[in-house]
Structure formats: C-alpha cells, structure tokens
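# Commentary on secondary and tertiary structure
Each chain is listed here by its residues.
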Amino acid sequence: MKLSFDLSLYLVLDPDLCGGEQGMVATALAAVAGGVTIVQLRAPNWKKRQWVSAAQALKNALRPLNIPLIINDHIDVALLVDAAGVHVGQQDIAPEMARQLIGPNKILGLSTSNAAHIKAVPQGLVDYIGVGPVFATGTKLDASPVIGLEEFATLMQIKSLPAVAIGGIGLGRVAGLRAAGADGVAVVSAICGQNDPQQAAQALRKEMAAYDF
C-alpha cells in the first residue's frame, strides 16, 4: 500500500548547508516539528556509501513521525533503506523505468520545467511533479532556466497531478505560489542552514496558512 503524502511544505535537504549527515537529521526533525510534511535527500556530490548511511538515519528518524522520505535520483539507495519514494529529473532514469524498479507502492516524483515536460508525464506512473525553478537558486547548479511566477501559473493550468513549486522559494513567495496553483512549495536554504530550522518552517507555514485561510 502506497504511503499517503502531503506536499504542502517539502524540505529538500542539502548536506553542505545542513552540516553533513548528523546536521541533516537534526534539521529534518526540527523542520518537521515546525510543519514540514515531506523530506527529500539530495546530495549530488556524495559517494554512494554516504547516501545509504544518511538515508538510513533519516528514515529511522522520520518513520515514527509518518513523514515520507524521498530519495533524489538514486533508486538503489531508496530500495536499500526502504524509503517512501524516489524523485527523478528529466535527465535521470525515465519515470517508466523508475516505476518498474520501485514497484507500485512507492511514491514517484518527476521534475518538470515547461509545458512539454508536463504534457509528457506518463499518467498512472508518476505521483507528483516538481515545477521550476520558479526563481533563481544557488542550491542546484545544473538547474533549468528560471520560469518566473507568471509562467508557473500558466503551467499550473495544464497539470494533471499534484505539483510542488521549487527554486529560490522563501518567505514572501509562498502565498503567491499557492495563489498560482501550487499544491506545495519545496525549499532548501529557507530551512537548511538557518539558525532555527523549526522556526523557519513555522514562518513558512504561517504564510501558507494566511493564504489558505
């Protein structure tokens, strides 16, 4: 049975900003206490053994809280630690193959950045899409060109799956993205590396709640 998930406040962990494995676990737990609803591990510069160690530690910490752990790209790591799901990009393994590997019960997310990507999402295989980067970001060096809020809103009109906005998102931008049709927002530096990750998450939730009200 597939784990239910809530995209509203999606934390993408950055090991450099968080201070390595222990820092990521501490950040994730504090952020969840502040209202984060789903967590992704993304560590593009790490060797595989580090991935497995961090993923296992995160899963052990998050599972009792019923917070899904998503693994970026590395399907083998997700399967080894029995993570809740996988997120793949346009240049990663195709979503059809990813679904074949992870089976029917794990969450599968797919990055998109334009209308062609969204229209090509294989129906029935992908559970949610990430859309962006909406704003300029320094945490993903190989990110696609910035699409901006207006284009993001246009893309929200053609989506057929839950969508989480990503790229340069912090306080002051959450309400606009929700108004544009985002089911959730994905953040990195807005929580990772902050002095108080719990308070940072609470502030983002407060802005979200003000719009949703």
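For the structure given in this document, a descriptive report is provided here. (Residues numbered from 1 in each chain as written. Predicted model: local features only at pLDDT ≥ 70, side-chain atom pairs only at ≥ 80, totals over all residues. Heavy atoms only, no water.)

### A look at the environment of Val131
On the secondary structure map, Val131 appears in strand β6 (residues 128-131). The exposure class assigned to Val131 is buried, which follows from its relative accessible area of 0%. Sequence separation of Val131 and Leu155 is 24 residues, and the distance between their C-alpha atoms is 8.4 Å. Ignoring any residue separated from it by four or fewer positions in sequence, one finds Val131 in contact with Thr112, Ile118, Ile147, Phe152, Leu155, Met156, Ala163, Val164, Ala165 and Ile166. (Helix = DSSP H or I, 4+ residues; strand = E, 2+ residues; numbered from the N terminus. Buried < 20%, exposed > 50% of the residue type's maximum accessible area, 1.4 Å probe, protein only. Contact = heavy atoms within 4.5 Å.)

### Section: the sheet that holds strand β4 (residues 85-88)
Spatial strand order, β1-β2-β3-β4-β5-β6-β7-β8: eight strands in a closed barrel with parallel pairing. The average angle at which neighbouring strand axes cross in this sheet is 25 degrees, direction not considered. In this structure, strand β7 (residues 163-166) lies alongside strand β8 (residues 184-187), joined through three bridges in parallel fashion. Bridge pairing links Ile166 to Ala186 in β8. Across the face of the sheet, helix α3 (residues 48-62) comes into contact with β1 (9-13), β2 (38-41) and β3 (69-72) while running at roughly 165 degrees to β3. (Pairing = 2+ DSSP bridges. Axes fitted to C-alpha atoms, helices over the stretch in contact; angles between N-to-C directions.)

### Focus: unusual backbone geometry
Note the cis peptide between Gly132 and Pro133, where omega equals 5 degrees. Its place among the elements puts Pro133 in the loop between β6 and α7 (148-156). With phi around 60 degrees, Asn66 is a residue other than glycine that occupies positive phi space. By the element assignment, Asn66 lies in the loop between α3 and β3.

Such coordinate-based values are descriptive only and should not be taken to indicate function.
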